[in-house]
Structures are given as C-alpha cells and as structure tokens.
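The lines below spell out each chain.
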Amino acid sequence: MAIHPLVMETLWERAAFMRESLQKSQTITDNMVTILGSFDQRLSSLETAMRPTQIRTHSIRRAHENIDKTLKAADVFLGQFDLSRQAEAKILRGPHEDLESYIEAVDQLRSIVRFFSSNKSLKSSIGVLNHAHNLLAKAILKLEEEFRQLLTSYSKPVEPDCLYDCLPNSMRPSSGSPGQADFSGKKPSSTNHSQNQNRSLETVVYTPPALIPPRILPLLHDLAHQLVLAGHQQQLFTIYRETRILVLEQSLRKLGVEKLSKDDVQKMQWDVLEAKIGNWIHFMRIAIKLLFAGEKKVCDQIFEGVDSLREQCFADVTANCVAVLLSFGEAIAKSKRSPEKLFVLLDMYEIMREVQPEIEILFEGKYCTEMRESSLMLTKRLAQTAQETFGDFEEAVEKDATKTAVLDGTVHPLTSYVINYVKFLFDYQSTLKQLFKEFDDGDADAQLATVTERIMQALQTNLDGKSKQYKDPALTQLFLMNNIHYIVRSVRRSEAKDLLGDDWVQIHRRIVQQHANQYKRISWSKILQCLTVQGLSSSGGSGPIDSGSNSGVSRAMVKDRFKTFNIMFEELHQRQSQWTIPDNELRESLGLAVAEVLLPAYRSFVKRFGPLIENGRSSQKYIRFSPEDLERMLAEFFEGKTWNEPKR
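Read on for a plain summary of the structure. (Residues numbered from 1 in each chain as written. Predicted model: local features only at pLDDT ≥ 70, side-chain atom pairs only at ≥ 80, totals over all residues. Heavy atoms only, no water.)

## A word on the overall build of the protein
So the rule is basically this: Only runs of H or I of at least four residues qualify as helices and only runs of E of at least two qualify as strands under DSSP, and these elements are numbered from the N terminus. Any residue under 20% of the maximum accessible area for its type is buried, any over 50% is exposed, and the rest in between are partly exposed; the area is computed with a 1.4 Å probe on protein chains only. Contacts: residue pairs with any heavy atoms within 4.5 Å of one another. Note on areas: these come from Shrake-Rupley sampling with a 1.4 Å probe, and a residue is covered only by the protein chains present in the view.
When its secondary structure is counted, the protein shows 20 helices and zero strands. Taking all 648 residues of the protein together, the buried fraction comes to 42%. For the protein, the share of sequence-separated contacts (at least 6 apart) that also reach a separation of at least 24 residues comes to 81%. For the protein, the accessible area works out to roughly 35,500 Å², and carbon and sulfur atoms hold 53% of it.

Given below as structure tokens:
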C-alpha cells in the first residue's frame, strides 16, 4: 500500500526538528563542561587559601579539649586529696566508736593508694602515696588490735550448766558437786543401756551453744576480712588461736575433763575408774556435738570466704582438746584387761561410733587429718581390746579356781556372775555384732551364738570341777542340779534363748533331770532298802512285801529295820535341811518326787510289820514317825536351815 504524500512531508519535518534539537543539546553540554572546569580551578585556589585558617581552628579546638581534661583531672586529684583528709580524720578517731565508718575509711584509703599508684607522674603523688601507705598501715594495726579486743572480750569459758541445757533431757547429768559433772546416775547397766539403745532409734536434737554472741560475729567477720585484704593472715591466725584455745580448754576443765596418762589409769581403783569412764563418754558427746560444733560455727562465720584460714584456725584451736579426750580412751584401751572392763569398753566403742560421722564433718580438710585418723584408730583399738577381753572372759570362766565352797549346794557366785554377764552382753548385742564385723565379714548372729555357747560350756566345765569339792556325792548332784537349772531358767527368760535355740534349752533341762535322778538314787536308795522284805524272812527271801503273811519274819530284824530307818532318815533330815534349793518350783518338785517313792513304801512297811512291834513294850522307840511326820519333815528339806552340827 502507498503512503500518502502529506504524511511523508510531516515525517520529514519531525526528523529535521529532532536533528536540530540534538545539535543544540551538544552545544549546551560543551559549554557546561567548560564552565565547571573553570569553577573547579577556582575551588582549588580557595581551598589552598583557607588551609592555614583550618589548621589554626583545629589547634584552638584541641587546646580547649586539653584544658577541659586538665580541669577535670585536677578536680579528681583535688577530690582524692579531700577523701584522703576525710579518711585520715576517721582513722585517727579509731575503730572502737564506729567500726563501720572506720572500715569505710580503710577502704577509701586503699582506693586512694591505688589512684596515686597509677598517677605517679605528678610530683605530689609520691608524697601523698607515702602518707596514705603509712596511714593505712596504722589503720590495719588498729583493726588488728580491735579484732583482738573484741574476740577476747566476748570469748568466755562455757559453764557446764549451759552445756547440760543443750543436751536432750534423757542425757543430762544428775546434780553433783559445783563445777563437776556427775553422770553416775547414767552408768551403763542392763536397764539403762537398753533404754539408751531405744533412745538411739529416736531423733535426738543437740543445740550447740552460742560461744560468741551472734551480734558480734558480723563485726569480727568484717575485721577479719580487712586483715586478710591487708595480708595479715598470720597475725589473724595467731590472735584467734591464742584466744580461743585458752577458752576451749577452760570450758573442758570446768566440765571435769582431766589429762590422765596410762600410768594414772593403771593406779586407779576400779570404782573410781569406772565413774571416770562413764563421765568421759558424756564428755565426748558434749565436746563433739556441742563445744566443737559451736567452735566450728564461730570459725565458719568469722572466716567466711577464706577456707584455708578457716580450716587451719579450727584445727589448731581444737587439736589439743581432742588429743586430751582421745588420750584417755587410748589409756583405757591399752590398760590391763579384765572381765569387768568389757562393758565400759563397749560403751566407749559405742560413743566413738556415734560421734564418728560428726567428726568426719567437723574435722574436714587437710589440717584436721591427724584428728580424724586418731579418732578412727581409737575406735579400732577399743574394738580390738573388747574382743580380746571377750576371749579372756571365756578363758577365765573355765579356769576360775576360787576355793569359795558353797556349803549348802546352792547356786555358785560364779554362775550368777557369768549369767548376769551374759545378760549384759545381750543388752549390747547390736554393738557386739558391729564389733564382730570390724574383724570378720561372717554372720554376726552366728558368731554371737557361738561365743555364748562357749561361755556356757566353760561355766559348766568349771562347775563340774567345783562339784568335786563335796565329800557327799548327793550334794554334788544337788549342786550341779541347782546351777544348771539356774542357767537354763535364766536363758529361757532372756534374749539368749533366741540365739541358743530350743534344742539347747531342752538338752540342758534333761541334764537337770539327770542330776535330780542321781541325787534321789544316792540319797534314798539305801533308806528305801530298809522298807523292803528282803532279809526279814527266815528263808532270807526277797521281793515285795506280802501283806498276807508274816510267818517266818523275825521281830528282832523288823525292829532293827525300823531303828536303821529312823537313824538314816534323821541324819538325812538334819543334813539335807541345811542344803538349799533356791528355786521354789524345783524344790517342791524334787520333794514331791522323793515323797512319792518314800511315803507309799513306808506306809506299806508299817502296815505289814508294825503289828509285830506294837504288841511289845516301847513300840514308839521303833515306829518313831507316822507317814504324816515324814511328809512334814520332807517339806523342811533344802531350806538352808542352820544347825549346831557341822554342815555338809
């Protein structure tokens, strides 16, 4: 399709206009470049002209900044001088009236020293620094003296009554002489020890006394902190040690603690030593749970944050007191062994085991190592000595050679002593089992049973030997019957029965019966022979009495039989009524057993042969006793009556 001529003309006109516009724009651009180049040259010239002015302005600004800094520094220095004067005024007044303000002044001085130490370029700094150092040294000496005076003023020995009030009611002593503990009412006994063991299962609370008033401890702590900051740890340690050692030792002396050597212990009478041991047990409890616990609390609060000094101070203050207490235990453990010491050794072993956990807590750290080890060593030594004493007792029972004769055949003192001893042992059975475990991992119950059986066997062996002292074999049997019956009855009524068992009890009951039977055979077999027909008939026949016929029986022989019976029974009555069976049930039982044999035989003999004599004169001379008389007289046997005739 052809383009219209008019349109073409219009397009050409627009193209020409665009070429003209582009040419004009190029011209303008070229002109602007020329103008800007000229302007840049003028700006460079202006900058060159302004540079000196800029330099002067910058210098003036820096000078102003330096002046400001100098003025501020001067203010700081002047402030430090002012603080120094204020601190000096407080230091010169001393710490006694206002300790808090004094300590603030000491802190200010330290700050001032640090400030001038880092600003030594100033000429005046050295003089001020020296003055501050001297003033600080004097201030620390005053703090040291204040610590000494404050600690000394409020460190007083603790009165015994104050310590007793901190004990549970059940453990407080009875009233004794002034200044002396009297725990005699708390000595170990079967009942008391059982009660103490029951109490050990209860929660018992001990409240350590305040050895220094609580309001004073923060002051002492602040003073100690200042002295530590000043590097005066050694002086602080010396002051605390010297002050508190004296007070702690005086507290123990007031309580009644003595320093006793092994020789002192050996020379003491047993009752005196036993009382001292009883007191020592309570002293250990009071010292560890109250005094040393209180001292630990004081140390912890005063030296909080300085662990090494805290541990060292506590160790040094308590070391001598601990040594005195443990040395008494060592002296007892090393002293000559004897059976009566076993129970106090067990009591001492118990208290050491009781306080051992607290010792481990109180005496922690390297400075207390020796005290912890000494305590453990004493516990072990007491256990060893107790075990050896146990063995000694068994041997002593078997070899007891006392010549004390029990004339009436009753229970021998050795028997009652050993049985009481065993009863006491069973009150300590939990302690004994623990003691056995110190040396052997075996069954503690079985060990205790074995030891008890050996002691019982040792006693029986000794009693067998003692029974041979009697000339009358019937009394020998009565003696053994009495003693073994006493053993069996005591075992049945005690905790020993559970360990020894029913079989042991039954075996020994049979032994008692055997001795009773032997007694009856020895004492009554001959007299019963008088009541038989044997030897009465002319034919010399023997056997049971035939009540149907007295033919061939000699009156003379019947009279002789009655006469012999009377003499023998009277002798038995006179002698055996002086013997003793202390147990009512056993006495009645044996008497009944004799009567059941004797009385029927006597009644039959009198009924059969009595008429042969009653027909003659002086029949009462031969038939002296009725059956009722015999029964009455048998009831008088074994009652320990005293006759003019020699006993046995």
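## Focus on the state of the cysteines
Put simply, the rule reads: For this text, the term disulfide refers to a pair of cysteine sulfurs within 2.5 Å.
Taken as a whole and judged by the stated rule, the model has zero disulfides. Among the cysteines around Cys166, which has no disulfide bond, Cys162 carries the closest sulfur, lying 5.0 Å off. Overall, Cys166 belongs to the buried group, its relative accessible area being 14%.

## Here's the deal with the packing of aromatic side chains
For clarity, the cut-off: Only rings of Phe, Tyr and Trp enter the pairing, Trp through its six-membered ring, and a pair is recorded when the two centres are within 6.5 Å. The plane angle decides the type: under 30 degrees is stacked, over 60 is edge-to-face, the rest tilted. Charges are assigned to positions over rings by a cutoff of 6 Å between ring centre and Lys NZ or Arg CZ, combined with an angular limit of 35 degrees from the ring normal.
For the structure shown, the criterion picks out 22 aromatic pairs. Their ring planes at 75 degrees and their centres at 5.2 Å tell us that Tyr240 and Phe303 sit as a pair that is edge-to-face. Taken as a pair, Tyr240 in helix α7 (residues 233-255) and Phe303 in the loop between α9 (270-302) and α10 (307-334) lie far apart in primary sequence, 63 residues in all. Residue Tyr240 shares its accessibility class with Phe303, and that shared class is buried. Ring centres 3.7 Å apart and planes at 15 degrees place the aromatic pair Phe393 and Tyr421 in the stacked group. Here the residue Phe393 occupies a position in helix α12 (residues 369-399), and Tyr421 occupies one in helix α13 (residues 413-427), the gap between them amounting to 28 residues. By the ring-pair criterion, three or more aromatic residues cluster together here, those being Tyr519, Trp524, Phe565, Phe569, Tyr602, Phe625, Phe637 and Phe638. A cation sits over an aromatic face here: Lys296 above Phe314, 5.1 Å from the ring centre.

## Quick notes on the pattern of salt bridges
Definition in use: One side-chain nitrogen of Lys or Arg within 4 Å of one carboxyl oxygen of Asp or Glu is enough to make a salt bridge.
A full pass over the atoms with the stated rule returns 28 salt bridges. With its nearest N and O atoms 2.5 Å apart, the salt bridge here joins Lys276 to Glu258. A residue pair is termed long-range when its members are at least 10 positions apart, and Lys276 in helix α9 and Glu258 in the loop between α7 and α8 (262-267) qualify at 18 residues. Accessibility expressed as a relative area gives 24% for Lys276, which makes it partly exposed. Since its relative accessible area comes to 39%, Glu258 is described here as partly exposed. Between Glu364 and Arg310 there is a salt bridge, with its nearest N and O atoms 3.7 Å apart. Note that Glu364 is positioned in the loop between α11 (342-362) and α12 and Arg310 in helix α10, a separation of 54 residues in sequence.

## Some remarks on α7
Quick reminder of the rule: Helix span, expected: 1.5 Å multiplied by one less than the number of residues in the helix.
With 23 residues, α7 ought to run about 33 Å at 1.5 Å a step, and its terminal C-alpha atoms sit 32 Å apart, in line with that. Count one or two residues on from α7 and you reach Gly256, which has phi positive near 120 degrees.

## Thoughts on the packing of α10 against α11
The line we're drawing: Angles run from 0 to 180 degrees between N-to-C directions of axes, and those axes are lines fitted to C-alpha atoms, restricted for helices to the stretch in contact. Roughly parallel means an angle under 35 degrees; roughly antiparallel, over 145; roughly perpendicular, 65 to 115; everything else is oblique. Each crossing gets its hand from how the near helix is turned against the far one by less than a right angle, where anticlockwise is left-handed and clockwise is right-handed. When residues are grouped by polarity, Ala, Val, Leu, Ile, Met, Phe, Trp, Tyr, Cys and Pro land in nonpolar, Asp, Glu, Lys and Arg in charged, and all others, Gly among them, in polar.
The N-to-C vectors of α10 and α11 enclose an angle of 165 degrees; their axes lie 12 Å apart at closest approach. Accordingly, the angle class assigned to the pair α10 and α11 is roughly antiparallel. Considering the relative orientation of α10 and α11, their crossing is left-handed. Between α10 and α11, the residues in contact are Phe314, Leu326, Gly329 and Ile332 and Leu345, Met348, Met352 and Leu362, respectively. The class makeup of the residues in the contact of α10 with α11 is seven nonpolar, one polar and no charged.

## Describing a positive patch on the surface
The condition that has to hold: Excluding any residue in a salt bridge, patches collect residues exceeding 30% relative accessible area, merging like charges within 9 Å and nonpolar Val, Leu, Ile, Met, Phe, Trp and Tyr side chains within 5 Å. Note that His is not counted, nor are the chain ends; the positive residues are Lys and Arg, and the negative ones are Asp and Glu. One atom stands in for each charge, and that atom is NZ of Lys, CZ of Arg, CG of Asp or CD of Glu.
Together, Lys423, Arg492, Arg493 and Arg509 make up a region of like positive charge exposed at the surface. With respect to the helices and strands, the residue Arg509 is situated in helix α17 (residues 496-529).

## Points about unusual backbone geometry
With the exception of glycine, most residues fall at negative phi, and the peptide bonds are largely trans. Of note in the backbone geometry, Phe638 takes a positive phi value of approximately 65 degrees without being a glycine. In this fold, Phe638 is placed in the segment after α20 (627-634). On the basis of relative accessible area, Phe638 is assigned to the buried category, the value being 3%.

## Considerations on the environment of Asn169
Of note, Asn169 is situated in the loop between α4 (160-165) and α5 (190-200). Through-space distance from the C-alpha of Asn169 to that of Val204 is 9.9 Å; in sequence the pair is 35 residues apart.

## A few points about the nonpolar core
Heads up, the rule is: Residues belong to a common nonpolar core when they are buried Ala, Val, Leu, Ile, Met, Phe, Trp, Tyr or Cys residues joined through side-chain atoms within 4.5 Å.
One finds Phe292 and Phe569 to be the most contacted residues of the largest nonpolar core, which totals 163 residues. A total of 16 residues in this core trace back to one element, the largest contributor, which is α9. Setting aside anything within four residues of it in sequence, one finds Phe292 in contact with Leu248, Ala287, Phe314, Thr318, Cys321, Val322, Leu325, Leu362 and Phe363.

## Quick word on α9
The periodicity of an α-helix, 3.6 residues per turn, causes residues three or four positions apart to be oriented the same way. This is how the line gets drawn: Bend is computed residue by residue as the angle between axes fitted to the seven residues ending at the residue and the seven residues starting at it.
For α9, which comprises 33 residues, the first-to-last C-alpha distance of 45 Å matches the rise-based estimate of 48 Å (1.5 Å per residue) to within 8%. The largest bend along α9 measures about 40 degrees and falls at Ala287. Counting buried residues in α9 gives 24 out of 33 residues, a clear majority hidden from the surface.

## Details of the side chain of Gln576
Tracing the backbone shows Gln576 in helix α18 (residues 555-576). Beyond its immediate chain neighbours, meaning those up to four positions away, Gln576 contacts Tyr519, Ser523, Phe637 and Phe638.

## A short note on the packing of α12 against helix α14 (residues 429-439)
Helix-helix packing is characterised by the crossing angle of the two axes and by the distance between the axes. At a closest axis distance of 10 Å, the pairing of α12 and α14 adopts a crossing angle of 105 degrees. Classified by the angle between their axes, α12 and α14 sit roughly perpendicular to one another. Side by side, α12 and α14 meet where Lys380, Ala383, Gln384, Ala386, Gln387 and Phe390 of the first sit next to Leu432, Leu435, Phe436, Glu438 and Phe439 of the second.

## Quick word on the environment of Arg575
Take Arg575: it is sitting in helix α18. Sequence separation between Arg575 and Lys641 is 66 residues, and the spatial gap between their C-alpha atoms is 9.3 Å.

## Concerning the environment of Ala331
Note that Ala331 resides in helix α10. With 68 residues separating them along the chain, Ala331 and Asp263 place their C-alpha atoms 8.2 Å apart. Apart from residues no more than four positions distant in its own chain, Ala331 is found in contact with Ser261, Lys262 and Val265.

## Describing the side chain of Thr476
Rule in force here: Any pair of N or O atoms that falls within 3.5 Å is considered a polar contact. Within protein, one atom must be able to donate a hydrogen and the other to accept it, and sequence-neighbouring residues count only if both atoms are side-chain atoms.
Relative to the helices and strands, Thr476 is located in helix α16 (residues 473-492). For Thr476, the side chain forms a polar contact with the main-chain oxygen of Ser467, separated by 3.1 Å. Those residues in contact with Thr476, other than ones at most four positions away along the chain, are Ser467 and Tyr470.

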